[in-house]
Amino acid sequence: MASAVTTTAPPPTPTAPAPAAPRTRKPRTTPAWVWALPPVAVLGLVFLYPLALVVRESLAPGAYADVLGSASFRDALVTTVWIAVAATAGCLVLGFALALVIAFVPFPGAKAVAKFIDVFLSFPSFLITLALLFLYGTVGMANGIWTDATGAATGAATGPFRFLTTPWGVLLAEITYFTPFVMRPLLAAFSQMETAQLEVASSLGARPLRIVRRVILPEALPALAAGGSLVLVLCLNEFGIVLFTGAKGVTTLPTLVYGKAILESDYAAACVVAVVNVVLSTGLYALYRGVSRRAGA
């Protein structure tokens, strides 16, 4: 009888434990507030600290009562507001008309004119005022041509063009300088307008003025509102145009600040006027940003 042969399985060989996965160290991230410190420090040093000094100086005892109750401040405030509003209205009308011509009336050089509008925005305001002085000043070209044409005696008093040193001269200079600030958003809005709407309206017999009133103007209202709000803010704070026209009878809030601080050395009164001007400008700027956001600017 064959004996059963039993075989025993060899013992399992021990396996080495798998090496532990190396720990990955997370990179240290700098908190966001650390990166915000340098620009906030620069902003505080360059802008907020001087502004705080102006506000503190304006809080001198009786400064606000004296300034706000003076006739010079009230006259400057009224002059500032009416010139800014009138200049904004003039820029809206003139800018809309010029933008219509550039965008919808084909003529040679239309694209070059549109590009020049962008370049014009970088011009300083005193440069435009200086050009108007050469044209319509008391000794400007217009008065010189009048003197030569009429045979009048040579002299500044013989020329009829003397409006540049009046509020109307300031108004003309501001409209001339700020109109491109209205044209720029209008041209951008007109470039996105579908010409099919104009073609359909024209094929239905609509006259050009009716097309402008019913089709183009509703599309341009957001751009008009944004450009008009910006011009109103800029006109409210304009100083160089009033100074360079030599309009001595025209006192706005910025020129009143200059007069109180530089000519009279009344720094408390100057700071009060400056704070009022800042409050007005900030409110109008908030309006401008709100209108621009709705217009998609």
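Conventions and cut-offs
- Residues numbered from 1 in each chain as written.
- Predicted model: local features only at pLDDT ≥ 70, side-chain atom pairs only at ≥ 80, totals over all residues.
- Heavy atoms only, no water.
- Helix = DSSP H or I, 4+ residues; strand = E, 2+ residues; numbered from the N terminus.
- Buried < 20%, exposed > 50% of the residue type's maximum accessible area, 1.4 Å probe, protein only.
- Core = buried A, V, L, I, M, F, W, Y, C linked by side-chain atoms within 4.5 Å.
- Contact = heavy atoms within 4.5 Å.
- Salt bridge = Lys/Arg side-chain N within 4 Å of Asp/Glu carboxyl O.
- 1 Å grid on protein atoms, 1.4 Å probe; cavity = no way out; pocket = protein on both sides within 12 Å on 5 of 7 lines; lining within 4 Å.
- Points joined across faces, edges and corners; volume = space filled by probe spheres on them.
- Nonpolar A, V, L, I, M, F, W, Y, C, P; charged D, E, K, R; others polar.
- Patch = residues over 30% accessible without salt bridge, like charges linked within 9 Å, V, L, I, M, F, W, Y side chains within 5 Å.
- Areas by Shrake-Rupley, 256 points an atom, 1.4 Å probe, with all protein chains shown as cover.

Asker: Residue-level account of the overall build of the chain, with values.
Answerer: In terms of helices and strands, the chain carries twelve helices and zero strands. Start at the N end of the chain and walk to the C end: the helices and strands fall as α-α-α-α-α-α-α-α-α-α-α-α. Here the chain holds 297 residues, and 32% of them are scored as buried.

Asker: Go over the nonpolar core, please, and point to the residues and values.
Answerer: The nonpolar side chains of soluble globular proteins are, as a tendency, buried together. Formed by 41 residues in total, the largest nonpolar core has its most connected members in F96, F178, L186, F190 and I216. Top element by residues in this core is helix α7 (residues 167–191). It accounts for 13 residues. In this structure, F96 is in contact with C91, L186, F190, V212, I216, L217, A220 and L224, ignoring residues within four places of it in sequence. In terms of nonpolar packing, the next biggest core, distinct from the first, is built from eleven residues, F73, L253, A269 and V273 among them.

Asker: Can you break down the pattern of salt bridges residue by residue, with the values?
Answerer: Under the counting rule described, the total for this entry stands at one salt bridge. When the shortest N-O distance is used, the salt bridge between K260 and E264 registers 3.5 Å. Residue K260 is classed as buried on the basis of its relative accessible area, which comes to 16%.

Asker: I'd love a proper account of the layout of surface pockets, names of residues and values included.
Answerer: Within this model, the second largest pocket holds a volume of roughly 240 Å³. V242, L243, G246, A247, K248, V250, T251, T255, L256, Y258, G259 and L263 together form the lining of the second largest pocket. With five residues, helix α11 (residues 253–263) is the largest single contributor of residues to the lining of the second largest pocket. Among the residues making up the lining of the second largest pocket, the classes are represented as seven nonpolar, four polar and one charged.

Asker: Account for a nonpolar patch on the surface, naming residues and giving values.
Answerer: Where nonpolar side chains cluster on the molecular surface, the patch consists of V42, L43, L45, V46, F47 and L48 and spans about 610 Å² of accessible area. Take V46: it is sitting in helix α1 (residues 32–58). Overall, the relative accessible area of 61% leaves V46 in the exposed class.

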